[in-house]
Amino acid sequence: MTTATGNGRITKHISSSVLYRQLRQPNPSIVSSKGCFLFADDGRQIIDASSGAAVSCIGHNDERLHYAILEQLKKVEYCYPYYFTTPVAEELSQVLTDSTGGKMSKVFIVSSGTEAVEAAIKMAMQYFTELPQPQRQRTRFIARKQSYHGNTLGSLSTGFHPPRRELYEAMLSKNVSHVSACYAYRGKTETDSDETYVGRLAQELEDEFQRVGPETVCAFVAETVCGTTLGSAPPVEGYFKAMKEVCERHGALLILDEVLSGMGRTGTLHAWQQEGIVPDLQTVAKGLGAGYASIGALLVHNDVVRVLAQGTGAFIHSQTYQSHPLACAAALEVQKILKEDDLLSNVRKQGALLGKLLVERLGNHPNVGDIRGRGLLWGIEFVKNKATKEPFPSSNKVSPKIHSLGLSTDHGICFLAAHATMDDKTGDYIALAPPYIVSEQEVHLMVDRTEKVLRAFFGY
Ligand SMILES: Cc1ncc(COP(=O)(O)O)c(C=O)c1O
C-alpha cells in the first residue's frame, strides 16, 4: 500500500509486523528447505550458495537433527546455567576442547557470534587483572580494518565497517584501534614476497603497540580467514605466526574470531590449524549449530584458564541462555555428522572445485578484480577498472544489487554480499559459502548461476 504523508513524501507500507532490514521492502518468505535448497512461498527454488550467512553447513532439514533436538527436549529444555550444568553441555564442551588437541581447555557457550566476541573481549581484560602481578592498565585492543566482529557496542567497536559504525560512533569504545588487514589483492605489491608483505604488516602492528603503549594492550583481534567485509580473504603464508610474535613480545593475547571461518568452513575444523599457531582465545558460532540452533562459543586456552583458576576462579560475565540444552544438543549432533559423513574431506574437495571453476569462468571478467578463498569459502571482489583496481563508487551499491538479482526468479541463487568496507566506504564483494554437503553437480550449478547473474548484471 502506498500513501502520501503530510510532508508530501510517498511512503510504502508493508502489512507485515516484522521489522525487515529494509522497512519498505519485504524479504522473500521461505516455507521449506532441503539440503542446499530453499523454497519460497512464490514457488522460487533458491540454491543456497551462501549457507545463509555461512551457517547451514550440514544443509537444510537434516532429519538427524530433528531427532537429536527432540530427544533433548524430552529430557530438559532449560535450566539456569549459573546454577546447573547438563550432560549435553558437558559433552559438547568436551568434543570442542578435544578437537583442539587439548590446547583449549574450557568452553563458554552462548547464543551467537556477537556474544562470543563480547565474552572474548571481557575474558581478555579480566585475564590481566588475575595475573599474580595484575596489569590493570591493559584496557586496549588492536583489531583490523575491513573486519566484522558483531553488532553489539563492544563487538562493533572491535570491528571496522564504516556504514555499520558511523551512526553509533559516539558510543563506540575509544579503546580499540585498527591496523591493516592481511589483504594481498590490494596490500601486497608486485615486488613483494609473502615474507616482505608480512614483515610490513608485522611492523605496522608493532608500531601500533608502540603508539598506544604496549603495556596497555589486552589483545590483537583478527578473523583467521576474513568473512564478508573482506570477501573471504585468506591470510598469506606466515602472517599469523608474525602477528603472534608481536603479541608475545608485548605480553598481549591473540584473539581469533572464527565465528564465520571456523567449525570446518575452511577445510579444517579450526581455521588456525592451517596457520601453525594457537590463539589464546577463539570464538566460533555459525557452523557450530549449523542453523539448527542459535549457538556460539568462546574457547579458552589452557594458559588463560590456569591464570583464572589460580586467581578469582570466576569469569565475571554470564547470560541467561548460556549452554542452552537444545542448542547444545543440535551442535553436538552437527559435530557427530561432520565426523560420520567425513564432511571436512568434502569441504576440501568441493572447495577446490568451486575455486577452480570460479577462476576459469569469471577470472577474466573485466569487473572481477579478484577471486580468493579457502575451503568452501570463496569471495569475488568487483572493480570498476581491472587494471587500476579502482572500486565502484559506494553509491552504485554493486554487491547488494547483484545479491538481489541472484534471488530473482530468473536466477535462484543466494550469495553473501558486502559493500562499503574500506576507509572511503567503497568495496564490493560477494561470497559463496555452500553447505559442506554440497555435491559436485551442485557446485557446477552454483557456478553456472553465478556466471549468469554477473553477466546479466554487468551486461557482458
Ligand atoms: C567474523 C564474525 N564475527 C562475529 C560475527 C557476529 O556473529 P552473529 O551475527 O552470530 O552475532 C560475525 C557474523 O557475521 C562474523 O562473521
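Computed from a predicted model, the values in this text were never measured in an experiment.

Enquirer: What am I meant to see in the environment of Tyr 185 here?
Expert: Summarising the element assignment, Tyr 185 is placed in helix α7 (residues 184–187). With relative accessibility at 10%, the residue Tyr 185 sits in the buried group. Residues Tyr 185 and Gly 231 lie 46 residues apart in sequence; the distance between their C-alpha atoms is 11 Å. In this structure, Tyr 185 is in contact with Gly 369, Asp 370, Arg 372, Glu 381, Val 383 and Lys 389, ignoring residues within four places of it in sequence.

Enquirer: Sorry, what's going on with the domain arrangement of the protein chain here?
Expert: How big an interface is tends to be expressed through the accessible area that disappears when the partners come together. Here the domain parsing of the protein chain yields domain 1 (2–58 + 343–458) and domain 2 (63–340). Here domain 1 and domain 2 have C-alpha centroids that lie 26 Å from each other. Taken together, the contact pairs 38 residues of domain 1 with 40 residues of domain 2. Both faces combined, the contact of domain 1 with domain 2 buries some 3300 Å², and carbon together with sulfur accounts for 56% of it.

Enquirer: How should I be thinking about the packing of aromatic side chains in this particular structure?
Expert: What describes a pair of aromatic rings is the distance from one ring centre to the other and the angle between the planes of the rings. Overall, the coordinates contain 11 aromatic pairs when judged by the stated rule. Relative to Phe 84, the ring of Tyr 83 lies with its centre 6.4 Å away and its plane at 90 degrees, an arrangement referred to as edge-to-face. Taken as a pair, Tyr 83 and Phe 84 share a single burial class, namely exposed. One aromatic cluster in this structure is built from Tyr 80, Tyr 82, Tyr 83 and Phe 84. A cation sits over an aromatic face here: Arg 164 above Tyr 148, 4.2 Å from the ring centre. Taking NZ or CZ as reference, Lys 389 lies 4.4 Å from the ring centre of Tyr 185, over its face.

Enquirer: In this structure, what is going on with the sheet that holds strand β14 (residues 377–382)? I would like to understand it.
Expert: To summarise the sheet geometry, strands pair through backbone hydrogen bonds and adopt either a parallel or an antiparallel arrangement. Taken in spatial order, the four strands line up as β13-β14-β17-β16 in an open sheet, and their pairing is antiparallel. Strand pairing shows two members of the sheet lacking a second neighbour, β13 (368–374) and β16 (416–419), which therefore form its edges. Neighbour-to-neighbour, the strand axes of this sheet turn through a mean angle of 20 degrees, independent of strand direction. Two strands pair when backbone bridges link them, and β16 and strand β17 (residues 428–432) are joined in this way by four bridges, in the antiparallel orientation. Pairing of Ala 418 across the sheet is with Tyr 429, part of β17. Where helix α14 (residues 398–407) meets the sheet, it contacts β14, β16 and β17, and its direction lies at approximately 40 degrees from that of β17. Helix α15 (residues 440–458) contacts β14 and β17 of the sheet and is inclined by roughly 10 degrees relative to β14.

Enquirer: Help me out: how do you make sense of the packing of helix α2 (residues 63–75) against helix α12 (residues 325–340) in this one?
Expert: Between two packed helices, what matters for the description is the angle formed by their axes and the separation of those axes. Contact geometry for α2 and α12: axes closest at 9 Å, N-to-C directions at 145 degrees. Considering how the two elements wind past one another, α2 and α12 form a crossing that is right-handed. Between α2, through Arg 64, Leu 65, Ala 68, Ile 69, Gln 72 and Leu 73, and α12, the contact on the second element is made entirely by Pro 325, Leu 326, Ala 329, Ala 330, Glu 333, Val 334, Ile 337 and Glu 340.

Enquirer: So what exactly am I meant to see when it comes to the pattern of salt bridges here?
Expert: Note that side chains of opposite charge can pair when their charged atoms are close. By the definition in use, this model includes 24 salt bridges. For Asp 194, the salt bridge is made with Lys 188, and the minimal N-O distance between the two is 2.6 Å. Its relative accessible area of 26% is what places Asp 194 among the partly exposed residues. Judged by its relative accessible area of 27%, Lys 188 is partly exposed. Salt-bridge contacts for Arg 249 lead to Glu 206; the nearest nitrogen and oxygen are separated by 2.6 Å. Of the two residues, Arg 249 is situated in helix α9 (residues 239–249) and Glu 206 in helix α8 (residues 194–212); the sequence distance between them amounts to 43 residues. Taking the relative accessible area as the measure of exposure, Arg 249 reaches 51% and is therefore exposed.

Enquirer: Could you clarify how one ought to interpret the site of the ligand in this entry?
Expert: Residues in contact with the ligand, as listed here, are Ser 112, Gly 113, Thr 114, Tyr 148, His 149, Gly 150, Glu 223, Asp 257, Val 259, Leu 260 and Lys 286. In this structure, Thr 114 approaches the ligand through a side-chain N or O atom, which is 2.5 Å from an oxygen atom. The fraction of the free accessible surface of the ligand (390 Å²) that becomes covered by protein chains is 82%. Looking at the shell around the ligand, its residues break down into three nonpolar, five polar and three charged.

Enquirer: Mind showing me how you'd approach the nonpolar core here?
Expert: The nonpolar side chains of a soluble globular protein tend to be buried, and buried together. With 97 residues, the main nonpolar core has Ile 58, Phe 220, Tyr 239, Ile 380, Phe 382 and Ile 402 as its most contacted residues. At nine residues, the largest contribution of residues to this core is made by α12. Among the domains, domain 1 (2–58 + 343–458) and domain 2 (63–340) are the pair contributing at least three residues each to this core. Leaving out residues up to four positions away in the same chain, Tyr 239 has contacts with Arg 144, Ser 180, Cys 182, Val 198, Leu 201 and Phe 220. With 28 residues, the next largest nonpolar core counts Val 110, Ala 219, Leu 253 and Leu 298 among its residues.

Enquirer: Explain a nonpolar patch on the surface here, please?
Expert: A surface patch of nonpolar side chains, about 440 Å² in accessible area, is lined by Leu 153, Leu 167, Tyr 168 and Met 171. For Met 171, the position within the fold is in the loop between α6 (162–165) and β8 (176–179).

So, how was this worked out
- Residues numbered from 1 in each chain as written.
- Predicted model: local features only at pLDDT ≥ 70, side-chain atom pairs only at ≥ 80, totals over all residues.
- Heavy atoms only, no water.
- Helix = DSSP H or I, 4+ residues; strand = E, 2+ residues; numbered from the N terminus.
- Buried < 20%, exposed > 50% of the residue type's maximum accessible area, 1.4 Å probe, protein only.
- Contact = heavy atoms within 4.5 Å.
- Domains from an automatic or database assignment.
- Buried area = accessible area lost by both parts, 1.4 Å probe.
- Phe/Tyr/Trp six-rings, centres within 6.5 Å; stacked < 30°, edge-to-face > 60°.
- Lys NZ or Arg CZ within 6 Å of the ring centre and 35° of its normal.
- Pairing = 2+ DSSP bridges.
- Axes fitted to C-alpha atoms, helices over the stretch in contact; angles between N-to-C directions.
- Left-handed = near helix turned anticlockwise from the far one by under 90°.
- Salt bridge = Lys/Arg side-chain N within 4 Å of Asp/Glu carboxyl O.
- Near = heavy atom within 4 Å.
- Polar contact = N/O pair within 3.5 Å; in protein donor to acceptor, adjacent residues only side chain to side chain.
- Areas by Shrake-Rupley, 256 points an atom, 1.4 Å probe, with all protein chains shown as cover.
- Nonpolar A, V, L, I, M, F, W, Y, C, P; charged D, E, K, R; others polar.
- Core = buried A, V, L, I, M, F, W, Y, C linked by side-chain atoms within 4.5 Å.
- Patch = residues over 30% accessible without salt bridge, like charges linked within 9 Å, V, L, I, M, F, W, Y side chains within 5 Å.

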